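Residue-level structure breakdown
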Amino acid sequence: MFLKWVLNAIPIPDYLSMPAIGIDLSDRSLKFVQFSQKRGNLTVSGFGSRIIPKGFIESGEIHQKENFIKFLKSLKKELKINFINVALPEEKAFLSRIVLPFLKEEEIRDALELQLEEHIPLSVENAIFDFEIIGMRNNNSLLVNLSAMPKNLIENYRDVFVAAGMLPLTFEIESQALARAVIPQGNKESVLLIDFGAARVTSAIIENNKIHFTSTIHIGGDDLTLTLSKDLSLDFSEAEEIKRTKGLIKKKGNEKIFDSLLPIIAAVKDEIKKHILYWDSRMSGDEESDVLKKIIICGGGANLLGLPEYLSYELKLPVERANPWVNIVSFEEKIPEIEYKESLIYATALGLVLKSL
Amino acid sequence: MINLLPLENKKALKKEYLRRFIIVAGAGLFLIIIFLLLIAVIIFFTANSQKRLYEERFSFAIKKLRSPEDQEIINFISDVNSKISNLNQYQKPKSDISQLIEEIIYLKSDDIKINSFLYQANGEKDDADTITITGLSKTRRSLSDFSDNLRKIPEIKDVVSPISNFLRSENVEFNISIKINE
C-alpha cells in the first residue's frame, strides 16, 4: 500500500521503466497497444492494427525481410516506440511439461538442454527455449513448463525489429500473453482459451495461470466470410457485414447463413472437443490436474453472434466471451478506451503490455 | 515468466537496465545534494540576517534603556577616572623621587654638604629621568666615597661625576648627575 502510494507520488521515470508496447503479429496483421501510467491510473495511449502485405510473413516465417523492415520502420516513425513485447506465431512454438528432480534454478537450464530433443523436435543448437517452474510433484520433483521455438525464426524476428529501431524486451507465444490478459489474476481453475482469429484458431489449456497445452488450426474468421460470400454470391465486405449482423443464429430468414457458417464452426468445435478429450484422458492418468471448468473465447471471431451459445450446447461446458480488461481496469471505475468488441481483437496485445506493468 | 528472447539479448537488456539505473540513481543523488546545498545556503543567509537583526535590536534596546541623566553620570565617572589615572601617573614617580632623595641624603657623610637638587623628568621613553646634585665636599676622598655609595643604590642607573669634581683635594665644589632606573 505504502509502496503503491510512493510510486504514485514519485513515478519511475520512463527512461528507467522502459515502457514497451505490445505487438501481436500474424501473417496478415500487426496489432499493437500502448499504455501510459498517470498518477497510478493506466490509460491506453495508443492502439491500432496494420495489414501486413501478403508475402511478408507466411505461416509465421518472415519471407521478405527487407520489405518487412521498411514496414516496421514506418510504424516506428508513426508511433515513436523504442521497446516492444512481441507475441510470436503460435504454430511455430513447442510446449512441453517436464518432470525434473529437485535442482537449483540455474541448473534447470543445463538439465533441459541435455534432454531437449526428447521433448521437442528441435536440436539444442537450433532451438531457443525458456522455462517456468509450475509446481512440485510428489514432493520430490519439479514440474517445469518448457517453451521453445526454432532459433533462426526468433533471430529473424529479432533482427528485423532491431533493424527497424525497436528493441524487443520479450518474445512470447500468443497464448501466454492472451492468458495474462483474460484470465483473472489468482484464478486456479482449468480453462480452455480459444483465440478465434481471422486466419487461425488457437486453443490453449490454462491451469493456475500456466499454459499446459496449445494447438492451432488454420481456419479463421476470414474463412467464414469467404464461405458466406461464395454461398450467398456476395462480395467479401457484404459477406463480412452479414456475418457481423446475423451471426450464427438459427431463426427464420437466417437459415442460409446458418447453414453456410455451420460446417466451419463445426470443424472448429470438433478440434476443441479433441482437446477436451485429451485433457480428460490426462485426468484419468497420474496427472494431478483439474477438470476444465469453462471455455473463454476471444479474438475477432469471438464477436460472432451465437457462437458462445453454440459451443456451450455442443461441448457441454460454459462458454463466455473474454474480458481483456479484467486485470487492467474495473468497469465500475473506468470505461476503457477500446470498445469491448474491438478489445477482443486486441486481447493478446493487451496481455503483452501487461507484462511490462 | 517465459521469455523466448535469445540469451545474449537478455544479458544485454540486463546490462542496459543496470546502466540506466546507475544514471538515474546518480542523477537523483546529484539533485538531492544540490537541493541540500541550496537549503544550507538559504539557512545560512537567513540565520546571518537574523543575527544582524538581533544585534541591532539589542544595541537599540541598550541605547533606549540609558536616560540622559544616566549618560551624564557615566560621562562624569569616566572623566573622574581619567583624572585619577593622570594623578596616579604623576604622583607615583614623585613619591619615588622623594624616597630616593631621602636615601641619598642618608648616605652622604658629614663631610658632604648638598646645596641643591634638580630633578628633570624626560618625556622621551628611552631617556632616563635625572637628578643633578650640587654641593661642597670637605675632601676629595669623601666625594669619591659618596659617589661610590650612590652607585650602590638599586634605583640609580648611572652616576656621572665629571673630572672637574676631583681637581681640588679639599673643599671640593662638586656637581653629580644621577640617572634613575625607570
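Summarised in this report is the structure supplied together with it. (Residues numbered from 1 in each chain as written. Chains lettered and ligands numbered in written order. Predicted model: local features only at pLDDT ≥ 70, side-chain atom pairs only at ≥ 80, totals over all residues. Heavy atoms only, no water.)

1. Brief notes about the sheet that holds strand S1 (residues 20-25) of chain A
Residues and elements named next belong to chain A. Pairing is mixed across the open sheet formed by 5 strands, whose spatial order is S3-S2-S1-S6-S10. Looking along the sheet, the strands with just one partner apiece sit at the ends: strand S3 (41-51) and strand S10 (167-173). Strand-to-strand twist across the sheet, computed as the mean angle between neighbouring axes with direction ignored, equals 20°. Here S1 pairs with strand S2 (residues 29-38) via 4 bridges, running antiparallel. Looking at the pairing, Ile23 lines up with Phe32 of S2. Strands S1, S2 and S3 of the sheet are contacted by helix H3 (residues 65-79), whose axis makes an angle of about 25° with S2. Contacting S1, strand S6 (83-88) and S10, helix H6 (residues 174-182) runs over the sheet at an angle of about 90° to S10. (Pairing = 2+ DSSP bridges. Helix = DSSP H or I, 4+ residues; strand = E, 2+ residues; numbered from the N terminus. Axes fitted to C-alpha atoms, helices over the stretch in contact; angles between N-to-C directions. Contact = heavy atoms within 4.5 Å.)

2. Some details on the environment of Pro324 of chain A
All names here are of chain A. Along the chain, the position of Pro324 falls in the loop between strand S15 (319-321) and helix H11 (340-343). Residue Pro324 is classed as buried on the basis of its relative accessible area of 0%. Apart from residues no more than four positions distant in its own chain, Pro324 is found in contact with Ala181, Val182, Tyr340, Ser343, Leu344, Ala347 and Leu350. (Buried < 20%, exposed > 50% of the residue type's maximum accessible area, 1.4 Å probe, protein only.)

3. Points about the environment of Phe236 of chain A
Residue and element names in this part refer to chain A. Along the polypeptide, Phe236 turns up in helix H8 (residues 236-246). Remark: the alpha-carbon pair of Phe236 and Asp222, spanning 14 residues in sequence, is separated by 9.1 Å. Those residues in contact with Phe236 that sit more than four places away from it in its chain are Asp222, Thr225 and Leu226.

4. What to know about the nonpolar core
Core analysis: the largest hydrophobic core is formed by 99 residues, its most contacted members being Leu25, Phe68, Phe161 and Ile295 of chain A. Looking at which element gives the most residues to this core, the answer is helix H9 (residues 255-284) of chain A, with 10 residues. When sequence neighbours within four positions are dropped, the list of residues in contact with Ile295 of chain A reads Leu192, Ile194, Ile272, Ile276, Leu315, Leu317, Pro318, Val319 and Glu320 of chain A. In this structure, Ile104, Ile112, Ile153 and Ile176 of chain B belong to the second largest nonpolar core, which totals 18 residues. (Core = buried A, V, L, I, M, F, W, Y, C linked by side-chain atoms within 4.5 Å.)

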